[in-house]
Structure formats: structure tokens, C-alpha cells
Amino acid sequence: MIRRKMLAAVGLAMAALLPLTACGSGDDTESGPVELTVAVWSLASTPEFQTLFDAFHKANPDITVKPVDILAADYPTKVTTMLAGGDTTDVITMKTLADYVRFSGRGQLQDLTASATAQAGKLAGLDAYNQGGKYFALPYRQDFWVLYYNKKLFDAAKQPYPENLTWDQYVELAKKLTSGSGETKVYGAYQHVWRSVVHAIAAAQTGGDQLGGDYKFLADQYRTALALQDAGATLDYGTAVTQKTGYASMFESGKAAMVPMGSWFIAKILADKKAGTTDVDWGIAPMPQRTGTTGVTTFGAPTAFAVNKKAKHSAAAQKFVEFASSLEGAKAITGIGVVPAFSSDEIRAQYFTLPGMPTDDLSKKAFAPDKVNPEMPVSDKTAKVDTILAEEHQLIMTKEKAIDDGIKEMETRVKNEVN
Amino acid sequence: MTTAASRPARGPLALLRRAALYTVLAALAAAILVPFGWMVSASLKRNNEVLTIPVRWIPKDLQWHNFADIWAKIPLGTYLGNTVLLSLAITFLQVLTGSFAAYGFAKVRFRGRDTLFLAYVATIAVPWQAYMIPQYILMQKAELTDTFWSLILLQAFGAFGVFLMRQYYLTIPDELCEAARVDGLSEYGIWARIVLPLSKPALASLALLTFVNTWNDYMGPFIYLTSNDLWTIQLGLRSFVGQFDADYAMIMTGSVLSVLPIAVIFLLGQRYFIQGIATSGMKG
Amino acid sequence: MAHPPTARSRRGLRTTLIGWSFILPNFLGFALLTLVPMLAAFVLSFMDWDSYNPPEWVGLKNLERLLDDESTKVALRNTALYALGHVPLTALAALALALLLNRRMAGVGFFRAAAFFPYVTSMVAVAVVWNMLFNPSFGPVNQFLHLLGVENPPGWTTSTDWAMPAVVLTSVWRDMGYYMVLFLAGLQAIPQEHYEAARVDGAGPWQRFRAVTLPGLRPVTFLVLILLTVQSFKVFDLIVVMTDGGPGRATLVLSQQIYRQGIIEGEFGYASAISLVLFLLVLVLTLIQFWFNNRGER
């Protein structure tokens, strides 16, 4: 009796809650002034968004952009919740590829294949958004990894700047650049705690597949990382992860001579030098390579805009997404040190005219790597595999597990837990 | 042992004991406050000096201007105002409805009362991660998202206040209520005139804990408040966390500022925890 | 849960109505805004749902999956271990603080505030400082252990075996002030006369504590224990900031697993199934506590 009543009540509640009536998506034929809403993260500390909005408004005076500011740390949580509730924000920024896979897989984004094919070849990182021949987002930014180095520390140790390094040379160099102890200790290198610092670089340079289930290609890169740590030439992983060590602090306060990091760090150093919070004398170099290979291979990840399926202003939203990934959009964000997805010689040249940007040849070479492989392949398994690899990465780096045991565990867990 | 010290100390032995007590308490307080000390120290540093190895307890040069800068970087005044408004509204409603409902559970005997109470308490056990999205959809349907109403309605009617107040009402002897009934007071009258005045320490603790929890709540305001002019202080602090890095100096500066009102509230509320006030003269 | 036999059913109806009239203002808001979404979540544990498209009934599939999911089992075990350490230690520390600070003395307000401050200190500060204290190589905790002659002090938050004890210690430190407030309020309800009577009978401090304080605190202790149990099984924020479940899965807890399966992997049906299990588990524990409490009252 009671159970049946309960079920009926629950059914009623569910009926009210779940199957959302699909409210009609935007009116494409509207004219006149439009207020476009764009979901972005940490607007105040991410100046590229406002820069893009201003440039877009200048090119399309009848469209004003209203940012929907969401905190970066929990961006996917809020966007998932909003979209579940049938939110009508027009443009959604895709913070990671994993988010993109989920939102597009659920049918929450509009098809942008036509715009994507029109831009093909010019947009770095576009391939990553290919979902069975269809595209639901266009990248506007493509970051890739380089080696940041502190010229003053190299000069003091009388070492040449890091050109054409192999990983073994990188470790040796880091040892030579390490000096002091306690509070005045300077590390030859700082390897940040993200698993990409080991996994993505190994995958990019060996051709290994992070979703493949065979992780032996990681072994060499782990040996490099642990050799640095054992020699005391980098801050140990355990301390770095528990103290939430900032790579920016390590580099900008001269506590690390070399830091492999994404190209987004350029804009931050430029801004901090301008604000006077650091006086680091810096340059960028290509990422170290495996012994016996030619050319510079690194990894990178794009960031994209997409149009919400339930957008209020679909046409204007599409216009914005196209603008952001076009030459004009690229020029606008290049002006503040962000690396755009749209690549051309003109943009590259513009980049090195930025005030404060190092203009030596090594830096220019680092800015034009021969190959940028994706940081993490995209599929519906990405999130699961990512969790497993990140957990086992911690165990290897804190020496709870030997390299080979850790790799074996990754293989077993991916096989058993990801179907 | 709890009452021994409530009498004035007399003699050299008592004086010595008092001194020992203060020493122990001072040492304990200092140890407990270490992380708070770090927070204050970090608030006076440049951002790239906050998370250094090894820890630097005293900043190289004190960045007092952090406390001025933060007002220009985020609309802290607006955020503070919103937080005060939300915390007061939610605390008021929680204390009012909670203490009212608790009387039903503690002093009125009726069928199904204890089962209902158990159901109430059990719901505290469901983690928010599980029902967050259904709840949001409900609020979206009611068109209350991105308003203060959503948060006030969600947090004002929790089971926590009911549970807390009921437990304290249980310590009030039933004979008091019985006597009042004989005197012709209605149940509502007993609640308002007898039970409520007797449970001042409990009301103070419920108000204090609700206020602090609302003040420090992050996920609720994050999910329900989208417009920047509705944001609370916790959202403002997290806005210093970017995609790849965070401005920890500003976060700590803001945290120090946001703790100050709580300290005042606590010092006001804790005055009700003085033995003897509640029951003195009531029993006889 | 016995009911006194009512003399007349009309009077029973009247008291029922009066009882409900007290409860209703809170219950209406609570039922509509919290209970309904909760029930929806429970129904969802028998469905596949991606948060957007209509859910699909899959029966017991999610619960079956839970039985083979290694990570969920690890999270369940870790959560239980956390609760096992956190509940008794926090309750004892909070009670000790409340007894120590329940007296008229100059500056007691300051000391109470100090005990409560960990609860309002920024979580990031808590994580950074405690991790620093626990650091295996330069942390004061291990330096102290060295002084005591411990050869191989634990690696605390960087070790799979010791990360959980480190998290438990930190959480006890953080939460004890919160529950101290509840105990302090509870101590005010104990009539002075009871202490006087015990003193006249020649009871020492320990006997007065056993005979007067503890029985007087019974309802509050019950409240504290239930709240602590529930909060332990739902622990999330502190773990996320302090270890994020690591190293490996050493401190992965159920709430994190629910969050990952739901928000991160988009399997809301499965996430709901885990929360249903969590709920049932806590319900059983709560019922046991209720039963003990009722037996004690009699």
C-alpha cells in the first residue's frame, strides 16, 4: 500500500522533473540589436575573453556580448548543471576536450561542421574536435609546450642556453644548474605535478597511445623524471603536490632554472613583469627530445567555443564562434600574448613584437615546433582512463610503486575498469 | 570538574592552578591557530612568494597594500553585502522554523512522530552531489535560479536545525510544560513563553553554526547565483583561481577579511554559553 | 518508539494536528525542495541518465556494476576507515574542549574562538599548512619523531598507508571546535543544583562527571554522534583540497566517487546508485544509534 503510494508520488515528481520539454531553439531571422550571452571562466583573470568580446563588438556593432562568468575550478560542474536545466546561454566555452566530448555526445551543442570545413587547414587543433566527421566547436586558442629558462641562472653557472637538448642532457644540465640549500636552494629544473609532464610528452615523442592500454612507452620518461628527483635537481613530487607548489612562483622567483610548461605561461610572465612582481630574465627553448630523433615534437591542447543547442540567438552565436577562430579574432588575442589556433606567419610575427617578449632566435625557434601532438586523445573513454593514469602516476612519482609495477598496474586497471 | 572553577580562586594553590591552566590554554590556542597564522602571513606576501619551499613565516617585505588592492580587483563590498544578507535571512528562517518544528518533535506526542523524525534525520545523510542536478532542474522550472530566493529557500528548511533544537528541548523537563498546560497555556504559548526562553544557548549555537556555514558555503551560491552582482564572498575569493594558476596572496587576503565578521559573530554568540543562566531560578 | 495510549481518539487527532502544525512550516519547504530531488535521485539509481536526455530504466544494472567496481569498493573502505577514526576522536576532543572552556574566567571568549577558528580558516591554508607539518623530509612532525628515536617515520600524505591517518588528524583538528559549540550549549542545560547535590553526597570531580555531566549531556551527545557519523560518510571538501584522493586511491572517498561518476564521467544513474548505497549504510548506522539511545533513555 504505502509502497505503491510512494511510487506514485515519486513518479509524479519525476514526471515534473525530468523529461524537459524541448523549448524551441533560437530565432535565426531576427534583426536589430542582439545581446549575446557567452559562458566563460574567471573573466577577471582571463583577459582574452574581454579582448575577444570587444573586438567582436567592434566588428558587429549591433551585437553586444554579455559574459556569463563561471569560476574556473568548477566550470564543468556548473555548465553541466546549467545545460541539464535547459539553460539558454548562447555560446559555451569548451575548457577541455573531455568536456567537449560529453556535451557534444549528449547532443547539447549545435553542429558547426560547415564553418569547420571552411577553416580547415588554418586552425591548429581542429582535428581534436572531429566527432565522426562532424564538428560541434571551433578552437580559438592552441597552446603547446616549450621549455622556459632563466638566463641569469644559466649565465651564473656558465652553461650555454638549452638548444637541441635530449632528455639525458636535460637531466645533466639540471644537475649542474642546481645550487644552494634550504631557503636559498635553486633547482636546475621544476617538473610540475600534472601527469602530462610525463605522459603527454612521452606519448607525443614516442607515438604511444594513452588510450591504448599498453603503457610501456612511458618508462623512459619516468626514468628521466625520477633521475631528476633522485639527484635533487627538481623539487620532489610529494612536496610539490602537497604544498600546491606553483610553477609560476618557482620560475618567476628564480628558484628553478628550467620549467617545461604550456605557452599560456608567456602571457602570465609578460603581465607579471609589467606589474613589477618579477624581474626574471627569461627565454623559451624547444622541449628536449628523445635521443636519436630529429625535429622538434611537443604536445598541446586547444580551447574552443561552441553554440548551445538551446541558444537564444543561434545566428549571432555562430557568428561569434567563427569570429573568434578567424584571423581577426587571432590578432586580437595575440595582442595580449595568447597563442591563437589560427596560425599564419603574420600572427607569429605579431607575437614577437609584444613588449617584453624575448626576441632571440632560440625563442623564435621554440615558438615554431615541427610537430604538435594532442595532449590526450579524445573518446568517450578519456575521462575514465585519465583518472586511472593520474592515480598510478602519483604512486610512481611518490615511489610507492616501481616504474614497471606502476605501468603494469595501469595496463591491468585500464583493461579491467574501462570497457 | 566543570563547576570547580566557576568559584573564585582562593589561596596560593588555587592561584598556581589558575596560572597552569592559562599556560596550557595559551599553548593549545597557539598550536591550534598555526594555519590561521600562515593565512595572515600569506595575505601580506606577493603572490609568487606565497607557496615557497621551505615555508617562510614572516614575509620579506610586508605587502600591506594587498588589503587595499583587493577592493579594486573584485567588488568586495557588493559580495560582502550579499553574503551578509543571505546569511542573515537563512539563519533567521532556519532558527525560526527549526525551533518551531523541534517543539512538535520533542514535546507533542502523536502517532508517527518518531518515524517522521527519523526520516528527517536520515536525509542529512544524502550527499549533495547526488541530488544537485534534480534540485537545480526544479529551481529552474520555478524560475528561481540566479536569485537569492533559490538559496534562501533551499537552505532555510534543513533538517539540521530541527534535529539540533529537538535534542536540546529534550533536556527541558516535561513537568514544566505540564505545569504550563495546567495553567491554561496553549502549546504555542508554551513554546514561545517557556521553552524558547529556556533554550537560549541552543538557539545561539544553532544561529552561530548556521551563520558560519552559510557564510562559508561555496557550492550552493556557485551553482545558483550566476550574475556577478549577486555573488557572495566565497565566490569572489575563488575568482582568483584561474585555469592554470591562482593568485593565492589575494585569496588569503580575502579569507582574512571574510573571517573577521565571523569572529565578531562568534564572540557575541558565545556569551550565551555561561553556565547557570538558562536554568537558574526556573526550577524550584 | 512507543506511544502512550490516548484516552480518546479525538484527543489523539487534536494532538496530531497540533504536532503537525509545529512541523509543517519547516516540512513544507524541506519536502518540496530537498526531499523531492532526493527521491528523484533514488529513482535515478535504477536508470541510465546523462543529465539531459530522457532517462532509461535499467533495473538493477547500476547496483550490479557497483559490486564489480574496484574504485567504488576502495572508496567505501576508505570512507569507513575515515569515519572510524574521525567520529570518536572528534567527539572526545570536542567534549574535552567544551569541559575545559565551560567556566567563568577572563579571556574564555578568546580561547573558545581560538578552538572554533580552524573551522573557519580557509581550506587551502589548512591543506598547505598541515601538509607542511606532515612533510616527510622537513616537516616538524617527522623531525619530532626522529627526536623520539623513530628510525623510519611515516611518509604521511605522500604514503598510501599513512595518508588516511594524516587526513583524519587534520579533520579532527578542524571540526572539534564546531562540535565544541554544541557541547557547550548542552552543558548549560544541566542544572547547577545537581552538581551541588552530588557534592553534598561527597562525589569527587570524576564521579560528578559520571553521575551528572554525562547523563545530562545525553541528548546532545546523541546529536553530536549522529551528525559526526553523517558528516564523516559525506566527507568531501577537506579530502579534495588536502590529497584529492591520493596518493593513488589511498584517500578516495564515496562523495568523490559520486562526483567523479556523475559530473566528470556523466553517468548520473550510476552516481545515484552509489549515493543510494551510502544513504542506506548511514541509515542503518543511524538506526543503531537511535536504538541504543532509546534503550538508554528507558
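Residues numbered from 1 in each chain as written. Chains lettered and ligands numbered in written order. Predicted model: local features only at pLDDT ≥ 70, side-chain atom pairs only at ≥ 80, totals over all residues.

Let us now look at the overall build of chain A. Tallying secondary structure elements over chain A gives 18 helices and 11 strands in all. The C-alpha radius of gyration of chain A comes to 23 Å, within 12% of the 22 Å expected for a compact globule of 419 residues. Counting only C-alpha atoms, chain A reaches 70 × 60 × 40 Å along its principal axes. Taking all 419 residues of chain A together, 52% fall into the buried category. The long-range fraction of contacts in chain A, counting pairs at least 24 apart against all pairs at least 6 apart in sequence, stands at 75%. (Helix = DSSP H or I, 4+ residues; strand = E, 2+ residues; numbered from the N terminus. Rg over C-alpha atoms; globule rule 2.2 N^0.38 Å. Buried ≥ 20, exposed ≤ 12 C-beta atoms within 10 Å, placed from the backbone. Contact = placed C-beta atoms within 7 Å.)

Residues and elements named next belong to chain A. Burial along strand E9 (residues 282–285) is two-sided: the residues Trp-282 and Ile-284 and Gly-283 and Ala-285 are all buried. As paired strands, strand E6 (residues 138–150) and E9 are joined by four bridges and run antiparallel to one another. Looking at E9, one finds that Leu-147 is bridged to Ala-285. (Pairing = 2+ DSSP bridges.)

One finds Ala-137 of chain A together with Phe-183 and Val-224 of chain C to be the most contacted residues of the largest nonpolar core, which totals 313 residues. Take this core: its biggest share by element is 17 residues, from helix H7 (residues 163–188) of chain C. Leaving out residues up to four positions away in the same chain, Ala-137 of chain A has contacts with Met-94, Tyr-100, Leu-109, Leu-112, Tyr-129, Ala-304, Phe-305 and Ala-306 of chain A. (Core = buried A, V, L, I, M, F, W, Y, C linked by C-beta atoms within 7 Å.)

Bringing the interface of chain C and chain B into the picture now. Quite often, the size of an interface is put as the accessible area lost when its parts meet. Taken together, the contact between chain C and chain B spans 88 residues of the former and 86 residues of the latter. With 20 residues, the single largest contributor to the side of chain C that touches chain B is helix H1 (residues 9–44) of chain C.

Now for the interface of chain A and chain C. Of the residues lining the interface, 30 residues belong to chain A; the matching set on chain C comes to 29 residues. Listing elements by their share of the side of chain A that touches chain C, those giving two or more residues are helix H1 (2–17), helix H3 (75–84), helix H10 (237–242) and helix H17 (382–397) of chain A. Top contributing element to the side of chain A that touches chain C by residue count: H17 of chain A, with seven residues. For the side of chain A that touches chain C, the per-class residue count stands at 11 nonpolar, 11 polar and eight charged. (Nonpolar A, V, L, I, M, F, W, Y, C, P; charged D, E, K, R; others polar.)

Now for the confidence of the model for chain A. All names here are of chain A. Scored by pLDDT, chain A has a mean of 88; 93% of the residues are at 70 or more. Low pLDDT, under 50, characterises residues 1–12; the stretch is placed with two contacts to residues that sit more than four places away or in other chains. Note on residues 19–28: pLDDT under 50 across the span, and 14 contacts to partners over four residues away in sequence or across chains. (pLDDT = per-residue confidence, 0-100.)

What follows is about the pairing of E6 of chain A. Residues and elements named next belong to chain A. Counting buried positions over the 13 residues of E6 gives 13, a clear majority of the element. As defined by bridge partners, E6 adjoins strand E10 (residues 297–307) across six bridges and the pair is classed as antiparallel. Each bridged residue has a counterpart across the sheet, and for Arg-141 the counterpart in E10 is Thr-303.

What follows covers the domain arrangement of chain A. Residues and elements named next belong to chain A. You can read the domains of chain A as domain 1 (30–143 + 301–367) and domain 2 (144–299 + 373–417). Using only C-alpha atoms to locate each centre, domain 1 and domain 2 end up separated by 28 Å. Listed per partner, the contact involves 21 residues of domain 1 and 24 residues of domain 2. Secondary structure elements with two or more residues in the side of domain 1 that touches domain 2: helix H4 (97–105), E6 and helix H16 (361–366). Its residues assigned to classes, the side of domain 1 that touches domain 2 shows 13 nonpolar, five polar and three charged. (Domains from an automatic or database assignment.)

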